[in-house]
Amino acid sequence: QVQLVESGGGVVQSGGSLTLSCAPSGPTFVIYSSNLMGWFRQAPGKEREFVAGVTWRNNKKYYKDSLKDRFTIYRVAAENAVYLQMKSLKHEDTGVYYCARNWDGTAYTDEAKYDQWGQGTQVTVGS
């Protein structure tokens, strides 16, 4: 059963911006202080890759190195929500973006460390 819901995707031209949101779908899903919330993306025909993550306890942020100057991850704990602000979007940013929970906050680029995933939101950037 899906317990995380992403939103905010859409179609944007190169150079534009989008902000994605992720939040639990209901009260039975809990984000614990030990968790890390992450964003992944999968471009057409390519493997899914880590984009960014933020720890819930310390608000420490991690990024795919090539994206850290354009993307910002942030959490709003009162909403149990995590956001991904994307600026200066490029065509190669096109893909499905997923929100996921890493249980213990370690190995944050490893998909196997995430125990819950949303269904994804499509981001399409024109050329």
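Placed above this text is the structure.
Note that the structure is a prediction, hence the values are computed from the model and not measured. (Residues numbered from 1 in each chain as written. Predicted model: local features only at pLDDT ≥ 70, side-chain atom pairs only at ≥ 80, totals over all residues. Heavy atoms only, no water.)

## Some remarks on the overall build of the chain
Put simply, the test is: Helix and strand definitions here come from DSSP, where helices need a minimum of 4 consecutive H or I residues and strands a minimum of 2 consecutive E residues; each element is numbered from the N-terminal end. The reference for a compact globule is 2.2 Å times residues^0.38; the radius of gyration itself is calculated from the C-alpha atoms. Burial classification: accessible surface area is computed with a 1.4 Å probe over protein chains only, and a residue below 20% of its type maximum counts as buried, one above 50% as exposed, and the rest as partly exposed. The Shrake-Rupley method, run with a 1.4 Å probe sphere, supplies the accessible areas, and residue values consider only the shown protein chains as cover.
Along the chain, the regular secondary structure elements total 0 helices and 11 strands. Going from N to C terminus, the chain has its helices and strands arranged as β-β-β-β-β-β-β-β-β-β-β. Radius of gyration (C-alpha) of the chain: 14 Å, near the 14 Å computed for a compact globule of 127 residues. Each principal axis of the C-alpha distribution contributes one length, and for the chain these read about 40 × 25 × 25 Å. Burial statistics for the chain: of 127 residues in total, 42% are counted as buried. Accessible surface, the chain as shown: approximately 6,500 Å² in total, 45% of it carbon and sulfur.

## Some remarks on the sheet that holds strand β3 (residues 18–24)
Spelled out, the test is: Note on pairing: two strands pair once DSSP finds at least 2 bridges between them. Axis definition: a line fitted to C-alpha atoms, limited for helices to the stretch in contact. Angles are taken between N-to-C directions and run from 0 to 180 degrees.
With respect to topology, 4 strands assemble into an open sheet ordered β1-β3-β8-β7, the strand pairing being antiparallel. Each edge of the sheet is formed by a strand with only one pairing partner; in this case those strands are β1 (4–7) and β7 (71–76). Strand-to-strand twist in this sheet, taken as the mean axis angle between neighbours without regard to direction, amounts to 15°. Of the pairings in the sheet, the one linking β1 to β3 comprises 4 bridges and is antiparallel in character. Each residue of the ladder has a partner; that of L4, found in β3, is P24.

## A closer look at a nonpolar patch on the surface
Keep this limit in mind: Patches here are clusters of residues that have more than 30% relative accessible area and form no salt bridge, with a 9 Å joining cutoff for like charges and a 5 Å cutoff for nonpolar side chains (Val, Leu, Ile, Met, Phe, Trp, Tyr). Here, a salt bridge means any Lys or Arg side-chain nitrogen found within 4 Å of an Asp or Glu carboxyl oxygen.
On the surface, a nonpolar cluster with roughly 280 Å² of combined accessible area is contributed by V30, Y32 and W103. Checked against the element boundaries, W103 lands in the loop between β9 (95–102) and β10 (114–117).

## A short note on the state of the cysteines
The condition that has to hold: Cysteine sulfur atoms are paired as a disulfide whenever they fall within 2.5 Å.
Under the criterion given, the structure shown has 1 disulfide. The disulfide bridge from C22 ends at C99, spanning 1.9 Å between sulfur atoms. Note on the C22 and C99 pair: the S-S dihedral is about -70°, so by sign convention the disulfide is left-handed. One end of the pair, C22, is in strand β3; the other, C99, is in strand β9, with 77 residues separating them in the sequence. Residues C22 and C99 agree in their burial class; the two are buried.

## Some remarks on unusual backbone geometry
Phi at N59 is positive, roughly 60°, even though this residue is not glycine. Note that N59 resides in the loop between β5 (49–55) and β6 (61–63). Its relative accessible area of 33% is what places N59 among the partly exposed residues.

## Quick word on the pairing of strand β8 (residues 81–86)
Most of β8 is tucked away: 5 of the 6 residues are buried. As defined by bridge partners, β3 adjoins β8 across 5 bridges and the pair is classed as antiparallel. Across the sheet, residue L18 finds its bridge partner in β8, namely M86. Examined bridge by bridge, β7 and β8 share 6 bridges and lie antiparallel to one another. The residue of β8 that forms the bridge with V76 is A81.

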